[in-house]
Amino acid sequence: MRLGTIDRLYQSNDYAATLTALPTLLLDARVTAETASDADRPAAYALLARSRHLTGNLLIQLRAGDLAQIALTEALDAAQRAGDRVVGATVIQGMCWLLMRQGRLAEATELAISTADQIEPQFRRAAPAELSAWGWLLMGAAAAYARDNQPDTAAEVVDAAHAAAVRIGERRPESGHLMMVGGFDTHRVQMQRAENAAVADDPDRVLDLARLVPPGPTPVGSSWQRHRLDVAWAYAQQRRYPEATSTLVELREYAPAWLRQQRYARDIVQSITERRRRAMSAELADLASLVGCTT
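This report concerns the structure included in the present document. (Residues numbered from 1 in each chain as written. Predicted model: local features only at pLDDT ≥ 70, side-chain atom pairs only at ≥ 80, totals over all residues. Heavy atoms only, no water.)

Focus: the nonpolar core
The condition that has to hold: For our purposes a nonpolar core is just a set of buried Ala, Val, Leu, Ile, Met, Phe, Trp, Tyr and Cys residues, chained together by side-chain atoms within 4.5 Å. Relative accessibility decides the category of a residue: with a 1.4 Å probe and only protein chains considered, values under 20% of the type maximum give buried, values over 50% give exposed, and everything between is partly exposed. What counts as a helix is a DSSP run of H or I of at least four residues, what counts as a strand is a run of E of at least two, and both are numbered from the N terminus. Only heavy atoms enter the contact rule, under which two residues are in contact if any of them lie within 4.5 Å.
Counting residues in hydrophobic clusters, the biggest one holds 51 residues, and the most contacted among them are Val91 and Phe184. With 12 residues, the top contributor of residues to this core is helix 7 (residues 128-147). Filtering out sequence-adjacent residues up to four positions away, Val91 remains in contact with His53, Leu72, Ala75 and Leu76. By size, the runner-up hydrophobic cluster in this structure holds 45 residues, among which are Leu3, Leu22, Tyr241 and Leu259.

Rendered as structure tokens:
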């Protein structure tokens with residue numbers, strides 16, 4: 001099975017099928033890279049890097065942090081062997097995500113910003129893939145800054161990423177690298193603004209910002225899914241429990257395997273069940289069972 005096919009399985013939240021397919025892909029990619037001719041070696045190692053990066057992302061979703069760290073470290077080594085700065089930057093963005101999951105916020109921001117500084121593109125000549133890789137790093141930094149109680153810095157970083165997203169929109173995307181860095185656009189930036197507002201405990205602003213986000217998933221589905229959790233949280237904070245529950249049910253129908261792994265979803269459902277004044281609906285009971293919260 002080719003990398004693009006497996007990536008689509010991952011983006012569609014079919015983690016079981018992705019986990020089953022990855023070992024063969026990783027073995028084939030490694031053998032290809034190690035036996036490639038000099039001319040073919042950079043592309044072969046880039047493929048290996050992307051395969052290992054996808055593995056690391058999946059392991060992060062499954063909360064296997066130690067294994068994810070190994071996969072991402074090996075992915076970065078392959079990207080360096082390929083001499084591919086774009087793929088290398090996307091791998092580092094995955095490392096920043098892992099650091100943030102581990103609560104190592106200062107390390108996440110330092111890694112994201114230092115890497116972004118190293119690859120900062122010249123907007124007039126940069127390819128969309130370069131702008132996307134830079135933008136994703138800034139999004140990772142913004143998320144960590146927001147959680148580290150630095151909202152002003154987070155807002156500044158998001159503004160810089162917005163400029164890259166606007167520039168991408170002005171140019172026709174290339175075919176290369178889009179699996180790894182696709183989905184970065186002005187809507188993704190808007191989702192990050194909403195996420196920062198949620199971190200700042202501002203449900204009104206979350207919902208105001210969410211009105212400017214398209215109603216369906218972007219090419220990178222997990223970003224939209226995470227955004228819809230922010231929307232559900234905002235509704236719950238406003239005690240609009242039917243709207244919060246409906247948003248969560250939408251996610252359950254679209255991405256049950258992903259939702260099951262989200263502690264954020266569990267916290268939202270827990271807050272609804274604890275505050276409700278009426279008997280628990282069947283939908284809410286199903287959600288509570290899925291995310292593993294007590295009732």
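Here the narrative resumes.
Quick notes on unusual backbone geometry
Despite not being glycine, Asn13 has its phi angle at roughly 70°, a positive value. Considering the arrangement of structural elements, one finds Asn13 in the loop between helix 1 (3-11) and helix 2 (15-35). Here Asn13 falls in the buried class, since its relative accessible area comes to 6%. The backbone phi angle of Arg63 is positive, close to 60°, even though this residue is not glycine. Along the polypeptide, Arg63 turns up in the loop between helix 3 (41-61) and helix 4 (65-82). Under the relative-accessibility criterion, Arg63 is labelled partly exposed at 32%.

Looking at the packing of aromatic side chains
To be explicit about the condition: Note on ring pairs: Phe, Tyr and Trp rings are taken, using the six-membered ring of Trp, and paired if centres are within 6.5 Å. Classes follow the plane angle, with under 30 degrees stacked, over 60 edge-to-face and the rest tilted.
Under the criterion given, the structure shown has four aromatic pairs. Aromatic side chains Trp224 and Tyr254 sit 5.6 Å apart centroid to centroid with 85° between the ring planes, which places their arrangement in the edge-to-face category. You can see Trp224 sitting in helix 12 (residues 221-237) and its partner Tyr254 sitting in helix 13 (residues 241-254), a full 30 residues away along the chain. A relative accessible area of 3% places Trp224 in the buried class. Residue Tyr254 is classed as partly exposed on the basis of its relative accessible area, which comes to 37%.

By themselves, these are just geometric observations and shouldn't be taken as functional.
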